[in-house]
Every structure is written in C-alpha cells, then in structure tokens.
Amino acid sequence: MLTNEKEYNGYLFDQLTILDDLEEVAQKEDATETLKMIQKKRRQVERKLYQQPPLTDSRP
C-alpha cells in the first residue's frame, strides 16, 4: 500500500522508464501498433504524474 504521494510518483516514474525501454525495442522492430499503444500508456501515466492540483495539498 502506498504511504504518500512521493512514493506514488516514484512508481509512476518507474512505469515511464519501462515504457522508454519498450519504445526503444519497438522502434528497432518498426512495430507501429506497439508504438501507438506505448504512447497511449505514456499519456495515461503522465496525466497521473503531472495532474493539477496534486493528489495532496502540502499546505498546512
């Protein structure tokens, strides 16, 4: 279970790293449908990562 937003963001950055690795292989193989899906998943992860306002309000 996640304890805070910082930890959650760490998981999202890990997902972006995995997508980067998959994208590299898909480009080498010229896998256009796979590249489209990777871009879709990247947008979904980035939407969570960079959402405004953030999940928690850090103001007292």
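Residues numbered from 1 in each chain as written. Predicted model: local features only at pLDDT ≥ 70, side-chain atom pairs only at ≥ 80, totals over all residues. Heavy atoms only, no water.

Each helix and strand counted, the protein chain has two helices and zero strands in total. With 60 residues in all, the protein chain has 18% of them scored as buried. Within the protein chain, counting contacts between residues at least 6 apart in sequence, those at least 24 apart form 52% of the total. (Helix = DSSP H or I, 4+ residues; strand = E, 2+ residues; numbered from the N terminus. Buried < 20%, exposed > 50% of the residue type's maximum accessible area, 1.4 Å probe, protein only. Contact = heavy atoms within 4.5 Å.)

So, about the side chain of Arg42. Relative to the helices and strands, Arg42 is located in helix H2 (residues 32-49). Separated by 2.9 Å, the side chains of Arg42 and Asp20 make a polar contact. Every residue in contact with Arg42, bar those within four places of it in the chain, is listed here: Leu16, Leu19, Asp20 and Glu23. (Polar contact = N/O pair within 3.5 Å; in protein donor to acceptor, adjacent residues only side chain to side chain.)

Turning next to a positive patch on the surface. Residues Lys40, Lys41, Arg43, Arg47 and Lys48 make up a contiguous surface patch of positive charge. Residue position: Lys48 is located in helix H2. (Patch = residues over 30% accessible without salt bridge, like charges linked within 9 Å, V, L, I, M, F, W, Y side chains within 5 Å. Areas by Shrake-Rupley, 256 points an atom, 1.4 Å probe, with all protein chains shown as cover. Salt bridge = Lys/Arg side-chain N within 4 Å of Asp/Glu carboxyl O. Lys, Arg positive; Asp, Glu negative; His and termini not counted. Charge placed at Lys NZ, Arg CZ, Asp CG, Glu CD.)

One way to put it is that helix H1 (residues 5-28) packs onto H2 with a least axis distance of 10 Å and a crossing angle of 165°. In terms of axis orientation, H1 runs roughly antiparallel to H2. Pair H1 / H2 crosses with left-handed handedness. Of the residues in H2, those touching H1 at Tyr8, Asn9, Leu12, Phe13, Gln15, Leu16, Leu19, Asp20, Leu22, Glu23, Ala26 and Gln27 are Thr34, Leu35, Ile38, Gln39, Lys41, Arg42, Val45, Glu46, Lys48 and Leu49. In terms of residue class, the contact of H1 with H2 is built from 11 nonpolar, five polar and six charged. (Axes fitted to C-alpha atoms, helices over the stretch in contact; angles between N-to-C directions. Parallel < 35°, antiparallel > 145°, perpendicular 65-115°, else oblique. Left-handed = near helix turned anticlockwise from the far one by under 90°. Nonpolar A, V, L, I, M, F, W, Y, C, P; charged D, E, K, R; others polar.)

Just geometry here; none of it tells us what the structure is for.
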